[in-house]
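# Summary of the model geometry
Here's the letter readout for the chains.
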Amino acid sequence: MSKGLPKRSEDYSLWYNELVKRADLAENSPVRGCMVIKPYGYSIWEKMQAELDRMFKETGHTNAYFPLFIPKSYLSKEASHVEGFAKECAVVTHYRLKNSDDGRGVIVDPEAKLEEELIVRPTSETVIWSTYKNWIQSYRDLPLLVNQWANVVRWEMRTRLFLRTAEFLWQEGHTAHASKEEAIEETVQMMNVYATFAENFMALPVVRGIKSANERFAGAEDTYCIEALMQDGKALQAGTSHFLGQNFAKAFDVKFATKEGGLEYVWGTSWGASTRLMGALIMAHSDDNGLVLPPKLAPIQVVIVPIYKGDEELERISVKAKEIMASLRAKGISVQFDNRDTHKPGWKFAEYELKGVPLRIAMGPRDLENNTVEIARRDTLTKESVNLSEISIDKYVSDLLEEIQRNIFQKAFEFRENMTTEADTWQEFEDLLENKGGFVSAHWDGTTETEERIKELTKATIRCIPIDRKEESGSCILTGKPSTGRVLFARAY
RNA sequence: CGGGGUGUAGCGUAGCCCGGUAUCGCGCCACAUUUGGGAUGUGGAGGUCGUAGGUUCGAAUCCUGCCACCCCGACCA
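Looking at an unreviewed UniProt entry, chain A carries the name Proline--tRNA ligase, with the source organism given as Mariniradius saccharolyticus AK6. The Sequence similarities (unreviewed entry) field of the UniProt record for chain A holds the comment "Belongs to the class-II aminoacyl-tRNA synthetase family. ProS type 3 subfamily." For chain A, the Subcellular location (unreviewed entry) comment in UniProt is given as "Cytoplasm".

Printed below as a string of structure tokens:
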């Protein structure tokens, strides 16, 4: 383990890449564009999964699993859907290998060509809707509220750990409804679930909004999203929820008998959040010393580091440490007592800071004597000595963890507020994007042409049309044409 | 996929222009002294120099193909 992380101010993306590796979150794999998620990183993902899964169940969804492979013909049944994904699909063409003639390895057996090629799912709408056709006959079968946890593959050119990998893990919810209103309600509900999760668990403030036509999911009528801002001023889409209209129902002929005896196409939604959330989590809070994790997602919330000379002293400290550990655990706090003799305390301090453990409790002979412990916060990097006879440690720690959770959110929130700026002239707009970054709130004439032109000129895209934006007449930042409200622009991941 | 760069021990590197089998630091192993912010000393292990060819008496070094990674463009959760 070498010392020192690159500085964010000097090279943000180098800092990110190094942090992901050094903090043991993930590493590159032998397969291009794919990553190995290491145990520590995966623990964080598991915590995210657990909470999201709970929220999905709470809103009436159940989990199921659909196949990894999609027949090629399925993908092309919904026109804009294929168009959106065709360029990044992995295709299975054969089902067998054989020994090569020179005996030096195996080759694809040309005899074993698949009659219909299979696509490795880039998303599952098509298989799922082809299945829903059989599941749905009547209004009594609706709504159908299904989620799946899965991996998907999108053959990306440029990849980055967690932010954009060829294979990634995610969940995709797919629901079917009897009415348009209900489907839209579902879409909005799931966007809100994501927003609540991001804010309450990831301590990540997000903007809820609707995507412009340009940024919309391939095959959707409307895409709702949550957008977050990273410390380098770039935006990151943290979750999306799509109102699919009747597009997939029509493509896969999914109709239901209405109460009134009619036959109608069902209304669909789909929504997803991926391991990209890990990237958002890392980039939103961490600093030059390493990861900063919100307590609610930290695999280890508290680490106890003993400081001692000799076995006898370690023994005495251990007794006390184990007492504390037991009382914290009783309160549902995850604690680790690091009594390894192979590393010195200073080394451990640096290590746990790198890994973002929210609280560190250090105990040495002096503490033993005074009945104190030293408590260090990861978020503020401050330390204090507390007297165990004056406080109850479990309450003290759990309050502090809550305080850290709040503080991390607050810091990110203030950052975003400071980094969201209104622009009313083109010059201001360009200047903000170039020199300040963050969200730029500006008027837009609503056309795709203008959006694309702005993207060409500034590399900024419309992140979303905020749900809660106020009606305000103005004129488009580029064309000067009339507009009824501001949208958020930013350069994005 | 286009333009640029890099690839040498687990990690980071020197050597490459000017061919002669590889430098240094971290890490690793052993022992000793250490332990309140990444300890110190001594000894030791570890490399077909990304890969496949070519040139040469001889290639980390020169040439060609391929692969991977990084930066910049086009695409995306």
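### Points about the packing of aromatic side chains
For any pair of aromatic rings, the description rests on two quantities: the centre-to-centre distance and the angle between the ring planes. Taken as a whole and judged by the stated rule, the model has 16 aromatic pairs. Judged by centre distance (6.0 Å) and plane angle (75 degrees), the rings of W45 and W149 are edge-to-face. You can see W45 sitting in helix α2 (residues 39–58) and its partner W149 sitting in strand β9 (residues 144–153), a full 104 residues away along the chain. Classification of W45 as buried rests on a relative accessible area of 1%. Taking 5.0 Å as the distance between ring centres and 85 degrees as the angle between the ring planes, the aromatic pair formed by F429 and F489 counts as edge-to-face. Of this pair, F429 sits in helix α13 (residues 426–436) while F489 sits in strand β27 (residues 486–490), and the two are 60 residues apart along the sequence. The positively charged end of K77 is found above the aromatic ring belonging to Y74, 5.1 Å away from the centroid. Cation over ring: R360 sits above F349, and NZ or CZ is 3.9 Å from the ring centre.

### Regarding the protein's contact with RNA strand B
In the vicinity of RNA strand B there are 37 residues, among which T165, Q237, R360, R366 and D367 approach most closely. Within 4 Å of the protein, the contacting atoms of RNA strand B are 39% sugar and phosphate, with bases supplying the remainder. At 3.2 Å, a side-chain N or O of W347 approaches a base nitrogen of RNA strand B. Between G364 and RNA strand B, the recorded distance is 3.3 Å, taken from a backbone N or O atom to a base oxygen. Secondary-structure elements contributing two or more residues to the surface near RNA strand B are α10 (345–354) and α11 (365–370). If you tally residues by element for the surface near RNA strand B, the top one is α10, at six residues. The residue inventory of the surface near RNA strand B, partitioned by class, reads ten nonpolar, nine polar and 18 charged.

### A look at helix α14 (residues 448–458)
Taken together, the buried positions of α14 are T450, E451, I454 and T458. Taken end-on, α14 shows its buried residues confined to a sector of 100 degrees, consistent with a single buried face. Exposed and oriented more than 90 degrees from the buried face of α14 are E449 and E456. Contacts made by the buried residues of α14 are with α13, β24 (461–466) and β27.

### Considering the packing of helix α9 (residues 310–330) against helix α12 (residues 393–418)
It is at 9 Å that the axes of α9 and α12 come closest, and there the two elements cross at 60 degrees. Viewed along their axes, α9 and α12 adopt a mutual orientation that is oblique. By crossing handedness, the relation of α9 to α12 is classed as right-handed. Residues I324, S327 and L328 of α9 lie in contact with α12, whose contacting residues are I393, D394 and V397.

### Remarks on helix α8 (residues 276–285)
Counting buried residues along α8, ten of its ten residues qualify, which places the element largely inside the surrounding structure. Regarding α8, the residues found buried are R276, L277, M278, G279, A280, L281, I282, M283, A284 and H285. Those residues of α8 that are buried are in contact with α1 (12–22), α2, α6 (180–200), β13 (235–245), β16 (267–274) and α12.

### What about the side chain of H285?
If you trace the backbone, H285 turns up in helix α8. There is a polar contact of 2.7 Å between the side chain of H285 and the backbone oxygen of M202. A distance of 3.4 Å separates a polar atom in the side chain of H285 from the backbone oxygen of A203. Residues contacting H285, with those up to four places away along its chain left out, are M202, A203, L204, Q231, V292, P294, I408 and A412.

### Quick notes on the pairing of strand β12 (residues 222–229)
In terms of residue burial, β12 counts as a mostly covered element, since seven of its eight residues are buried. Here strand β11 (residues 207–210) pairs with β12 via four bridges, running antiparallel. Its bridge partner being in β12, G209 is matched across the sheet by C225. Both β12 and β13 contribute to a ladder of eight bridges, which runs antiparallel. Paired with I226 across the two strands is G239, which belongs to β13.

### Side note on the pattern of salt bridges
A complete count under the given rule lists 33 salt bridges for this structure. Here R316 and E312 are joined by a salt bridge, their closest N and O atoms 3.1 Å apart. Of the two residues, R316 and E312 both sit in helix α9, four residues apart, roughly one turn of that helix. Classification of E312 by relative accessible area gives exposed; the value is 52%. We note a salt bridge from R377 to E403, for which the minimum N-O separation is 3.8 Å. You can see R377 sitting in strand β20 (residues 372–377) and its partner E403 sitting in helix α12, a full 26 residues away along the chain. By relative accessible area, R377 is classed as buried at 14%. Each of E422, D424, K470, E472 and R486 takes part in salt bridges that share partners, so that together they form one network.

The rules behind these values
Residues numbered from 1 in each chain as written. Chains lettered and ligands numbered in written order. Predicted model: local features only at pLDDT ≥ 70, side-chain atom pairs only at ≥ 80, totals over all residues. Heavy atoms only, no water. UniProt positions renumbered as here; feature names shortened; annotations may be inferred. Phe/Tyr/Trp six-rings, centres within 6.5 Å; stacked < 30°, edge-to-face > 60°. Helix = DSSP H or I, 4+ residues; strand = E, 2+ residues; numbered from the N terminus. Buried < 20%, exposed > 50% of the residue type's maximum accessible area, 1.4 Å probe, protein only. Lys NZ or Arg CZ within 6 Å of the ring centre and 35° of its normal. Near = heavy atom within 4 Å. Polar contact = N/O pair within 3.5 Å; in protein donor to acceptor, adjacent residues only side chain to side chain. Nonpolar A, V, L, I, M, F, W, Y, C, P; charged D, E, K, R; others polar. Arc of directions from axis to C-beta. Contact = heavy atoms within 4.5 Å. Axes fitted to C-alpha atoms, helices over the stretch in contact; angles between N-to-C directions. Parallel < 35°, antiparallel > 145°, perpendicular 65-115°, else oblique. Left-handed = near helix turned anticlockwise from the far one by under 90°. Pairing = 2+ DSSP bridges. Salt bridge = Lys/Arg side-chain N within 4 Å of Asp/Glu carboxyl O.

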